[in-house]
Every structure is written in structure tokens, then in C-alpha cells.
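The residues making up each chain are set out below.
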Amino acid sequence: MHLKQLELVGFKSFPQRTRLRFEPGITAIVGPNGSGKSNLAEALRWALGEQSARTLRGRRAEDVIFAGGGARRPLGMAEVSLLLDNSDGRVPLPYAELVVTRRLYRSGESEYLLNGARVRLRDLHDWLLGVGLGPDSYCVVGQGTVEQLILQRPEERRVLIEDAADVRRHTQRLAETEQKLAATAGNLQRARDLATALAPEVERLRAAAARAEQRA
Ligand code: ATP
């Protein structure tokens, strides 16, 4: 899936609205140490739903919001948007282009948008994991990751292979469904307990009703 554009505002070292267009082929981002190259890769992961502050080299979720620097004051919100080409319909949504946006306010409030409409992260995951896009999927290969992959144990490497084979989306769904089933089983047990506790009362009322009917 082709990433056409990355747009950031208030994310890490990018206080000003910044747009990067990616044409087909290879794009290289070049800059001196500390100029924000890794921040761009992190913006990509973050917009795809990365939840771990540590992976983003921060301690708290709000650390991704521009913290001030030079003459600029800290900002109250970080926003990153990815523009993805969906003209081949790989994501089964009726849009030729998808704009995935994540916003985070200093208050802790956060939101995800798809083409401007608020969506749940869960749905976003569902749509994007199907095409191999996720915060920790192989679509973002960070510094040292290739080396890590070679050194990994087979069970660890399996995660990446499952990701590429689109198995992970289904295992996630399975885990969610199992959780829901367990919750439903709990509710059912509570309902049964309640029915057992109320049974003598029902019996008493039934007898009272029968007596009342006889008298009438
Ligand atoms: P290197 O080549 O050393 O890896 P880089 O070009 O990848 O550097 P980054 O590591 O992406 O650069 O950028 C680090 C810069 O981002 C630092 O100057 C850091 O102060 C700045 N930075 C990170 N988070 C924030 C934030 N929340 N607010 C302001 N600046 C930030």
C-alpha cells in the first residue's frame, strides 16, 4: 500500500504543520543528528495506533506533543495524518484515498479519524492490519530491526511471519471473542444464580395465586 503523504503538526520536533509527499519509488530523508528523522518514523507508527510511550522514546503518552524549544512555547495538541492510496480497493472501504489521523491533547483526550470522521482504534486496526499496516507490523523497519530479526528465536520471528500472512488480525479477533464469551458466561452464571435464589419466592407466589383463584 502506497503512503502518499505524511502530515504532522505539534508532533515532537514539528510544531509547524509539515507535509511530506512520497512519490512512487524510494524517498530518502537526510539531515544532521537530532534533526528529527526518527521522529518522522515514529509519527508514522503513532498514527497507526502505537500505544507504547517507550517505543516512541518517551515516558508518558503526552511526550509526543511539542514541548517547546527555541522561542516557541509548548503546544497543546499533536496531530499526525497519513494519506494512503486505496485506488486498488485493498482496504474494503469506498474511498480511493484514506486519511488516517490521530490526535492527542495535553488533557489526555485522544481521537482517531478516518477521512475526517471519528473512528474507534479497534476498527482502524481491523481495516489496516488486513493490508499489513500496524504500529508494530513490518511496514516500519526501524534502526537495528533487521539485526534483531536475524538474532531472534524462531518463536519470536513467528510474529513477523504471521503478520505478513495476515494471521495476526484473526488471532486478535479470536482473543477478543474469547474475552466476550467469558464475560457472557459470567453473566449467564449470575442470571442462573438469581433464578435459583428466586425459585422459592416464585413457588410461594404461585401457591398464593392458586389460593386466591379458589377463593374468587
Ligand atoms: P539521529 O540522527 O541522532 O538519530 P534524528 O534526526 O533521527 O537524530 P530525532 O531523534 O528524530 O532526530 O529527533 C530528536 C529531536 O527531537 C531532539 O532534538 C529532541 O529534542 C526533539 N524532540 C523530541 N521530542 C520532542 C518534543 N516533545 N518537543 C520538542 N522537541 C522534541
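It should be noted that the structure appears before, not after, this text.
The rules behind each value
- Residues numbered from 1 in each chain as written.
- Predicted model: local features only at pLDDT ≥ 70, side-chain atom pairs only at ≥ 80, totals over all residues.
- Heavy atoms only, no water.
- Buried < 20%, exposed > 50% of the residue type's maximum accessible area, 1.4 Å probe, protein only.
- Helix = DSSP H or I, 4+ residues; strand = E, 2+ residues; numbered from the N terminus.
- Pairing = 2+ DSSP bridges.
- Polar contact = N/O pair within 3.5 Å; in protein donor to acceptor, adjacent residues only side chain to side chain.
- Contact = heavy atoms within 4.5 Å.
- Core = buried A, V, L, I, M, F, W, Y, C linked by side-chain atoms within 4.5 Å.
- Near = heavy atom within 4 Å.
- Areas by Shrake-Rupley, 256 points an atom, 1.4 Å probe, with all protein chains shown as cover.
- Nonpolar A, V, L, I, M, F, W, Y, C, P; charged D, E, K, R; others polar.

## Some points on the pairing of strand β1 (residues 3–9)
Within β1, 7 of the 7 residues are buried, which leaves the element mostly enclosed by the surrounding structure. Taken together, the 6 bridges between β1 and strand β3 (residues 77–85) define a ladder with antiparallel strand orientation. When the bridges of β3 are listed, V9 appears paired with E79. As paired strands, β1 and strand β2 (residues 18–21) are joined by 4 bridges and run antiparallel to one another. Bridge pairing in β2 links E7 to R19.

## As for the side chain of D126
Tracing the chain through its elements places D126 in helix α2 (residues 121–129). Look at D126 and you get buried, because its relative accessible area is 19%. Of the polar contacts made by the side chain of D126, one reaches the side chain of R173; its length is 2.8 Å. Once you skip the residues sitting within four places of it in the chain, D126 turns out to touch R169 and R173.

## Examining the nonpolar core
If you look at the biggest cluster of nonpolar residues, it comprises 33 residues, and the most contacted ones within it are L6, L8, F11, W46, V64, V80 and L82. Elements with a contribution of two residues or more to this core: β1, α1 (37–47), β3, β4 (97–105), β5 (110–114) and α2. Dropping the residues within four chain positions of it, L82 is found in contact with L3, Q5, L6, L44, A47, L48, L98, V99 and V100.

## Concerning the site of the ligand
Taken together, the neighbourhood of the ligand is formed by 15 residues, with G34, S38, N39, R57 and A67 sitting nearest. Between N33 and the ligand, the recorded distance is 3.3 Å, taken from a side-chain N or O atom to an oxygen atom. A distance of 3.2 Å separates an oxygen atom of the ligand from a polar atom in the backbone of S35. Across the complex, the protein chains shield 68% of the 650 Å² of accessible surface that the ligand would expose by itself. Residues of the shell around the ligand, tallied by class, amount to 4 nonpolar, 7 polar and 4 charged.

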